[in-house]
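Examining the three-dimensional arrangement
Single-letter residue listing:
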Amino acid sequence: MFALVLLALVAQAFAGEYIDARCPVVRPVDNFDYASFSNGIWYEVGRYDNRKEKGTECSYSIFTPMGDRFKIENIGLRHNKKYEIDGYGRLAPDAGSTGKLIFTLPYGKNGQNTDNILNIMSTDNANYAVLYHCNYNEETKTKQELSWIVSRTKTLRSDFKALIDRYLLESKVLDLSKYIFPDFSDNVCRIDF
């Protein structure tokens, strides 16, 4: 029976058909503290592996409040060379008290700014947050899921790590096994000029 199912899947793949893989409906965290989240430095201590960040280490974001939005400075190293992507973030109009944000970053064609929904899935509103974004491609009927674990420190305290691990293990959307955990050691994070 398993062989027949496998054969059917292989045949479907070679026929050029795509399996409709829409983004899941998610509920961001309630009682989100936007003022706390949108101010200061967040270190990327974990992320789903993705093409845009391939080979990137020592990533962090600096958020600076600017009225009803905040400036985003995403900084990281590739081969010990600094790179930066800047944009803006704001609370989504329908967020209410949840952690549903809109990030405007230059990920469009020719570096054009695009608005993307970023959901804060888990946070203690002070020390760590689990972020999730899903992009559905109508043309190919496929989705790309991205997730990050961010912390106010370069390494997670063990009690925060335990809370995040428990959340991810119980999550119906996020998968702990898909995360990579970048290195923040001094050797890796040195900048070559």
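So, a few notes on the structure that sits alongside this text. Bear in mind the structure is a predicted one, so any value in this text is a computation, not a measurement.

**What to know about the overall build of the protein chain**
Looking only at helices and strands, the protein chain has three helices and nine strands in total. Reading the protein chain from its N end, one meets helices and strands in the order α-α-β-β-β-β-β-β-β-β-α-β. When each of the 193 residues of the protein chain is scored for burial, the buried share is 36%. Surface exposure of the protein chain reaches about 11600 Å², of which carbon and sulfur atoms provide 55%.

**Quick look at the pairing of strand 3 (residues 69–78)**
By the criterion of burial, strand 3 is predominantly enclosed, with seven of the ten residues buried. Inspection of the sheet shows strand 2 (residues 56–66) paired to strand 3 by nine bridges, in the antiparallel sense. Bridged to I62 within strand 3 is E73. The loop that links strand 2 with its antiparallel partner strand 3 comprises two residues; one of these, G67, has a positive phi angle of about 70 degrees. Sheet analysis places strand 3 next to strand 4 (residues 81–91), joined by ten bridges and oriented antiparallel. Considered in strand 4, the bridge of I72 is made with G87. The antiparallel pairing of strand 3 with strand 4 creates a hairpin that spans two residues between the two strands, and H79 there sits at a positive phi of about 55 degrees.

**A few points about the environment of T153**
Structurally, T153 is set in the loop between strand 8 (142–151) and helix 3 (158–170). Taking the C-alpha atoms as reference points, T153 and W42, separated by 111 residues in sequence, lie 7.4 Å from one another. Sequence-distant contacts of T153, defined by excluding residues within four places in its chain, comprise Y43 and V45. A distance of 2.6 Å separates a polar side-chain atom of T153 from the backbone oxygen of T155.

**Details of the nonpolar core**
Counting residues in hydrophobic clusters, the biggest one holds 18 residues, and the most contacted among them are F37, F103, I120 and L131. Broken down by secondary-structure element, the contributors of at least two residues to this core are helix 2 (34–37), strand 3, strand 5 (100–105), strand 6 (114–123), strand 7 (128–137) and strand 8. Setting aside chain neighbours within four positions, we find L131 in contact with F37, L118, N119, I120, L146, S147, W148 and V150.

**Digging into the environment of I149**
With respect to the helices and strands, the residue I149 is situated in strand 8. Residues I149 and Y128 lie 21 residues apart in sequence; the distance between their C-alpha atoms is 7.3 Å. For I149, the contacting residues outside a window of four places in its chain are Y43, E44, V45, G46, A129, V130, L156, I164, L168, Y179 and F181.

**Digging into the state of the cysteines**
The tally for this structure, following the rule as stated, stands at two disulfides. Paired by a disulfide, C23 and C134 hold their sulfur atoms 2.1 Å apart. Between C23 and C134, the disulfide has an S-S torsion of -80 degrees and is therefore left-handed. A residue pair is termed long-range when its members are at least 10 positions apart, and C23 in the loop between helix 1 (2–14) and helix 2 and C134 in strand 7 qualify at 111 residues. A residue is classified by how much of its surface remains accessible, and C134, at 18% relative accessible area, is buried. Disulfide pairing places C58 opposite C189 at an S-S distance of 1.9 Å. Since a negative S-S torsion denotes a left-handed disulfide, the C58-C189 link at about -100 degrees is left-handed.

**Structural notes on the side chain of H133**
Looking at the element boundaries, H133 is found in strand 7. Within the structure, H133 has its side chain in polar contact with the backbone oxygen of I117 (distance 2.8 Å).

Parameters and conventions
Residues numbered from 1 in each chain as written. Predicted model: local features only at pLDDT ≥ 70, side-chain atom pairs only at ≥ 80, totals over all residues. Heavy atoms only, no water. Helix = DSSP H or I, 4+ residues; strand = E, 2+ residues; numbered from the N terminus. Buried < 20%, exposed > 50% of the residue type's maximum accessible area, 1.4 Å probe, protein only. Areas by Shrake-Rupley, 256 points an atom, 1.4 Å probe, with all protein chains shown as cover. Pairing = 2+ DSSP bridges. Contact = heavy atoms within 4.5 Å. Polar contact = N/O pair within 3.5 Å; in protein donor to acceptor, adjacent residues only side chain to side chain. Core = buried A, V, L, I, M, F, W, Y, C linked by side-chain atoms within 4.5 Å. Disulfide = S-S within 2.5 Å.

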